[in-house]
Amino acid sequence: MVSLVKTRTRPPQAQYDELLIWVLIGLLALGLIMVYSASIATAEASKFTGYQPTYYLLRHGVFIAVGLLAGLFAFQVPVQIWQNYAPYLFLAGAALLVLVLVPGIGREVNGSRRWLSLFVVNLQPSELMKLFAVLYAADYTVRKGKVGHLFRKAFVPMFAVMALVGSLLLLEPDMGAFVVICAIALCTLWLGGFNIRVFAGLLVALPLAFAALILSSPYRMQRVIGFMDPWADPYGKGYQLSHALIAFGRGEWFGVGLGASVEKLFYLPEAHTDFLMAVIAEELGLVCVAAVIVLFALLVMRAFQIGRHAAFLERNFSALVAQGIGVWLGVQAMINIGVNMGVLPTKGLTLPFLSFGGSGVVVNCIAAAVLLRVDYENRRIARGMAV
């Protein structure tokens, strides 16, 4: 007699991190809407845009489409390939930073030389350098893991490399990118288990170094003075911050309504880039600001969870890349939001996935694709182990 035994089948496990994908879609969609809202008045009044109100909307839409295509391609690349080419990508990024400083090649805007002209669009190498710094720092930490307790062999080479890159960024000048790349490098070394005594010394050395950078540059000093009391000179040093604070104040809880911002009407500089969050606060209120912060918190949380899963599977490079991307996007978002709210001095950093800017949006999409690739490989390996 044959007995029939009912077997309970498990539902198939998802191959992708659906929560992370929806978070990314939410940020990109909100960014597209708010870039249009924040830029429409500027575009209508500018000869540069041909007086077309949809100029920035169309360009930002193209940037997102290119970013998604680049991300789709990056997702197909195995993490091992990224590790193999990490040092070469970092060297290529450094070479681009040098090219930016060459007269006649680098393009200067508002006193900063940060762009390379590609005729149709401008490339900002510092955005690429953030991704390359994540890959290089992860690869370096894995390679130097056995000598992580030795200051001279483990920390000094990384310090020298980052000092070189930092010098190139400060010559542009791009203090914001310098801060983000330093955060990526230091956090990656920390997460990789390097000697804690090194970081104890850095807690003293870094504030002194940043103080020296501020005191050595008049324009940075003026930004700090304007940040400390923007109302002392609301039409000069404190102009940007004072209008950002006015935008937050006008928005209150639920905002004045989409498209109804007053501050974007030639009062708030760079409303569609650096100060997009102030426009969001004014039009959609504190509730939407909190929602954006929650989305970034979810993004960072998932990045660290993916990294922890990779570490559990003994995929150390993948773990550090995932967590490095989380550090990068989290620190940059925190700085941008802090600047908009008057908590930090102006740094010139955009809000990841939301602000207008071709290089930033495309590189952010590539970074998200690499993060999704790490998670995808984690899931495949975990399924193989379960079988």
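To start, this report covers the structure provided alongside it. Because the structure is a prediction, the values reported are computed rather than measured. (Residues numbered from 1 in each chain as written. Predicted model: local features only at pLDDT ≥ 70, side-chain atom pairs only at ≥ 80, totals over all residues. Heavy atoms only, no water.)

## Quick notes on the nonpolar core
Counting 105 residues, the largest nonpolar core has Phe296, Leu299, Trp328, Phe353 and Leu354 as the members making the most contacts within it. With residues near it in sequence (within four places) discarded, Phe296 still touches Leu27, Ala333, Leu351, Pro352, Phe353 and Leu354. (Core = buried A, V, L, I, M, F, W, Y, C linked by side-chain atoms within 4.5 Å. Buried < 20%, exposed > 50% of the residue type's maximum accessible area, 1.4 Å probe, protein only. Contact = heavy atoms within 4.5 Å.)

## Points about helix H1 (residues 18-45)
Helical geometry: 3.6 residues make up each α-helical turn, so side chains three or four residues apart lie on a common side. Between the first and last C-alpha of H1 there are 41 Å, a value that for 28 residues agrees with the 40 Å anticipated at 1.5 Å per step. Where H1 bends most, the angle comes to about 50°, and this point is Ser39. Residue Asp17 occupies the N-cap position of H1, its side-chain oxygen lying 3.3 Å from the main-chain nitrogen of Leu19. (Helix = DSSP H or I, 4+ residues; strand = E, 2+ residues; numbered from the N terminus. Expected span 1.5 Å × (residues − 1). Bend = angle between axes of the 7 residues up to and from the residue. Polar contact = N/O pair within 3.5 Å; in protein donor to acceptor, adjacent residues only side chain to side chain.)

## Examining the pattern of salt bridges
A complete count under the given rule lists eight salt bridges for this structure. Here Lys130 and Glu127 are joined by a salt bridge, their closest N and O atoms 3.3 Å apart. Here the residue Lys130 and the residue Glu127 both occupy positions in helix H4 (residues 125-143), the gap between them amounting to three residues, near one helical turn. For the pair formed by Lys130 and Glu127, the shared burial category is buried. Here Arg315 ties to Glu377 by a salt bridge, and the two come within 2.3 Å at their closest N and O atoms. Within this pair, whereas Arg315 is found in the loop between helix H10 (276-312) and helix H11 (316-340), its partner Glu377 is found in helix H12 (residues 358-386), the two being separated by 62 residues in sequence. (Salt bridge = Lys/Arg side-chain N within 4 Å of Asp/Glu carboxyl O.)

## Considering a nonpolar patch on the surface
Where nonpolar side chains cluster on the molecular surface, the patch consists of Ile81, Tyr85, Tyr88 and Leu91 and spans about 460 Å² of accessible area. Along the polypeptide, Ile81 turns up in helix H3 (residues 79-100). (Patch = residues over 30% accessible without salt bridge, like charges linked within 9 Å, V, L, I, M, F, W, Y side chains within 5 Å. Areas by Shrake-Rupley, 256 points an atom, 1.4 Å probe, with all protein chains shown as cover.)

## Points about H10
The first and last C-alpha atoms of H10 sit only 39 Å apart over 37 residues, clearly below the 54 Å expected at 1.5 Å per residue. The largest bend along H10 measures about 125° and falls at Leu284. After H10 finishes, the residue Glu314 shows a positive phi value of roughly 60°.

## So, the sheet that holds strand E1 (residues 106-109)
The strand order across the open sheet built from three strands is E1-E2-E3, with neighbouring strands paired in antiparallel fashion. Both edges of this open sheet fall to E1 and strand E3 (122-123), since each of them pairs with a single strand only. Pairing analysis gives two bridges linking strand E2 (residues 112-117) to E3, with the strands arranged antiparallel. Bridge pairing in E3 places Ser117 opposite Asn122. Contacting E1 and E2, H3 crosses the sheet at an angle of about 110° to E2. (Pairing = 2+ DSSP bridges. Axes fitted to C-alpha atoms, helices over the stretch in contact; angles between N-to-C directions.)

These results come straight from atomic positions and should not be treated as a statement about function.
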